[in-house]
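Secondary and tertiary structure notes
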Amino acid sequence: MKTLYRTKYGKPDVLSIIETPVPLLKSNEVRIRVHACALNSWDWDQLVGRPLLFRLLFGLFKPKQKVLGADVAGVVEEVGRGVTSLKVGDEVVGDISHVWGGFAEFVCADEKSFYLKPKLLSWAEAASVPQAAVLAYQSLYDMGFSWKGKQLLINGAGGGVGTFALQYAKREGLEVTCVDSEEKLDALKKMGADHVIDFRKCNYTQTEAKYDWIIDVVANQSVFAYSRALNPGGCFVMNGGKVSSILQVAFLGPLVSMITGRKMKMLIYQRNKHLEDILNDLSAGKVRATLDSVYSLSEASAAFRKLGEGKAFGKVVVKIVE
């Protein structure tokens, strides 16, 4: 089978397409013929091997995981003896970040990793959903947030997580401020953002505006700066960012929360949690997937470059089946 493969850390040029054996199926697994696989920040981090601290997970000197890709959409080709929830021919979608390997023609994972793909979604749209939408959903619905009359800010709003979070927040009637690069602000307004901020021109933690709820996908400031940007009783949720910011929220966040009454939380991602509910919302037209671009497998290096540049609005997806 055709596989996007790498043996070392580096820029997208280290990726190449090679032939590898079709993966063997375990009793509780299904084999999926992958139609599309979306890129996530985790793929980029693993590709380049940065930040260096992450190499303790990914492999210190060379990558443990040779085939990247976690958010897949495809067709069940074969089921293991113990599988009961899926059958051959089912069109499915899911996050397989516990095994990876999505940038290949076939992948095997346990049946609980997949949910039926809504018919109205294209393969690329379906693949764009799992991590991005689940992170957004968990940031909004799993963190004890009181919805009524709240001011929400989303930092990094133009990416996959942010575009889903914006849609769910507006559905709940929140007033939403979106922070991203200038090139994405008009599109965010069209999606419903009430206010927009160009992060290159304005640091949202240094303005007079205060927020009840902040979701930060690309956090890179101190825990004290985030606390100052919150109203009394407000909540900051980090679901991505620099290692220094992550460590501050993890270790200093509880102390800041206790002293100021402003909650500082770090989202612990739970794979595929709420994915079925999200897929139902997509089927009902309550939210939609936001695609920036779709590349072929032969163009995968270009797809990774697009992701690494940080210019994509919504999701970048690689189509595996032509």
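As a reminder, the structure under discussion sits directly above these lines.
Attention in this report is confined to the structure presented alongside it. (Residues numbered from 1 in each chain as written. Predicted model: local features only at pLDDT ≥ 70, side-chain atom pairs only at ≥ 80, totals over all residues. Heavy atoms only, no water.)

As for the overall build of the protein
Assigned secondary structure in the protein consists of 11 helices and 15 strands. In terms of overall dimensions, the protein is globule-like: its C-alpha atoms have a radius of gyration of 20 Å, near the 20 Å expected for 322 residues. Across its three principal directions, the C-alpha atoms of the protein cover 55 × 45 × 35 Å. For the protein, the residues scored as buried account for 55% of the 322 residues in total. Put simply, 67% of the contacts in the protein that link residues at least 6 apart link residues at least 24 apart. Of the roughly 14,400 Å² of accessible surface on the protein, a fraction of 54% belongs to carbon and sulfur atoms. (Helix = DSSP H or I, 4+ residues; strand = E, 2+ residues; numbered from the N terminus. Rg over C-alpha atoms; globule rule 2.2 N^0.38 Å. Buried < 20%, exposed > 50% of the residue type's maximum accessible area, 1.4 Å probe, protein only. Contact = heavy atoms within 4.5 Å. Areas by Shrake-Rupley, 256 points an atom, 1.4 Å probe, with all protein chains shown as cover.)

Description of unusual backbone geometry
Going from Arg50 to Pro51, the amide bond is cis rather than trans, its omega being 0°. Here Pro51 is to be found in the loop between α1 (41-48) and α2 (55-58). With a phi close to 60°, Trp100 is a non-glycine residue in the positive phi region. The residue Trp100 is located in the loop between β5 (91-95) and β6 (106-110) in this model. One non-glycine residue, Asn272, adopts positive backbone phi at about 65°. For Asn272, the location among the structural elements is in the loop between β13 (263-266) and α10 (275-283).

A short note on a nonpolar patch on the surface
On the surface, Phe224, Leu247, Phe251, Leu252, Leu255, Met258 and Ile259 cluster together into a nonpolar patch covering about 760 Å² of accessible area. Every element with two or more residues in the nonpolar patch is listed here: α8 (243-251) and α9 (253-260). Considering each element in turn, the nonpolar patch owes the most residues, three residues, to α9. (Patch = residues over 30% accessible without salt bridge, like charges linked within 9 Å, V, L, I, M, F, W, Y side chains within 5 Å. Salt bridge = Lys/Arg side-chain N within 4 Å of Asp/Glu carboxyl O.)

Focus on α1
Among all positions of α1, only Asp43, Asp45, Gln46, Leu47 and Val48 are buried. Next to the buried residues of α1 lie β3 (29-38), α2 and α11 (300-309). Phi turns positive one or two residues past the end of α1, at Gly49, with a value near 70°.

Regarding the packing of aromatic side chains
One pass over the structure, following the stated rule, counts nine aromatic pairs. Summarising the aromatic geometry, the rings of Trp42 and Trp100 are spaced 6.3 Å apart at their centres and angled 50° between planes, so their arrangement reads as tilted. Linking Trp42 in helix α1 with Trp100 in the loop between β5 and β6, this pair joins segments that are 58 residues apart in sequence. Taken together, the ring pairs in this structure connect Trp42, Trp100 and Tyr269 into an aromatic cluster. Above the plane of the ring of Trp123 lies Lys117, whose end atom (NZ or CZ) is 4.8 Å from the centre. (Phe/Tyr/Trp six-rings, centres within 6.5 Å; stacked < 30°, edge-to-face > 60°. Lys NZ or Arg CZ within 6 Å of the ring centre and 35° of its normal.)

Points about the packing of helix α4 (residues 130-141) against helix α5 (residues 160-171)
At a minimum axis separation of 8 Å, α4 and α5 run at an interaxial angle of 45°. The pairing of α4 with α5 is recorded here as oblique in orientation. Between α4 and α5 lies a crossing whose hand is right-handed. The segment α4 lies against α5, with Ala132, Ala133, Leu135, Ala136, Tyr137, Leu140 and Tyr141 engaging Gly160, Val161, Phe164, Ala165, Tyr168, Ala169 and Arg171. Among the residues forming the contact of α4 with α5, the class breakdown is 12 nonpolar, one polar and one charged. (Axes fitted to C-alpha atoms, helices over the stretch in contact; angles between N-to-C directions. Parallel < 35°, antiparallel > 145°, perpendicular 65-115°, else oblique. Left-handed = near helix turned anticlockwise from the far one by under 90°. Nonpolar A, V, L, I, M, F, W, Y, C, P; charged D, E, K, R; others polar.)

With respect to α10
When α10 is considered as a whole, its buried residues turn out to be Leu275, Ile278, Leu279, Asp281 and Leu282. For α10, the arc enclosing every buried residue in end-on projection is 155°, short of the 170-degree limit, so these residues lie on one face. Elements that come into contact with the buried residues of α10 comprise β5, β7 (115-116), α4 and α5. Directly beyond the C-terminal end of α10, a positive phi value near 75° is found at Gly285. (Arc of directions from axis to C-beta.)

Observations regarding the pattern of salt bridges
A complete count under the given rule lists 12 salt bridges for this structure. Put simply, Asp13 and Arg305 hold a salt bridge, and the shortest N to O gap is 3.3 Å. Of this pair, Asp13 sits in the loop between β1 (2-5) and β2 (16-19) while Arg305 sits in helix α11, placing them 292 residues apart in sequence. For Lys184, the salt bridge identified is with Asp180, shortest N-O distance 3.6 Å. Looking at Lys184, the relative accessible area reads 6%, which means it is buried. Here the salt bridges do not stand alone but share partners, grouping Glu91, Lys117 and Lys119 into one network.

Details of the pairing of strand β12 (residues 230-238)
Regular strands place their side chains on alternate faces of the sheet. Where strand β11 (residues 211-216) lies against β12, five bridges are found, and the strand directions are parallel. Considered in β12, the bridge of Ile214 is made with Phe236. One ladder, built from four bridges, connects β12 with β13; its direction is parallel. Across the sheet, residue Met238 finds its bridge partner in β13, namely Met266. (Pairing = 2+ DSSP bridges.)

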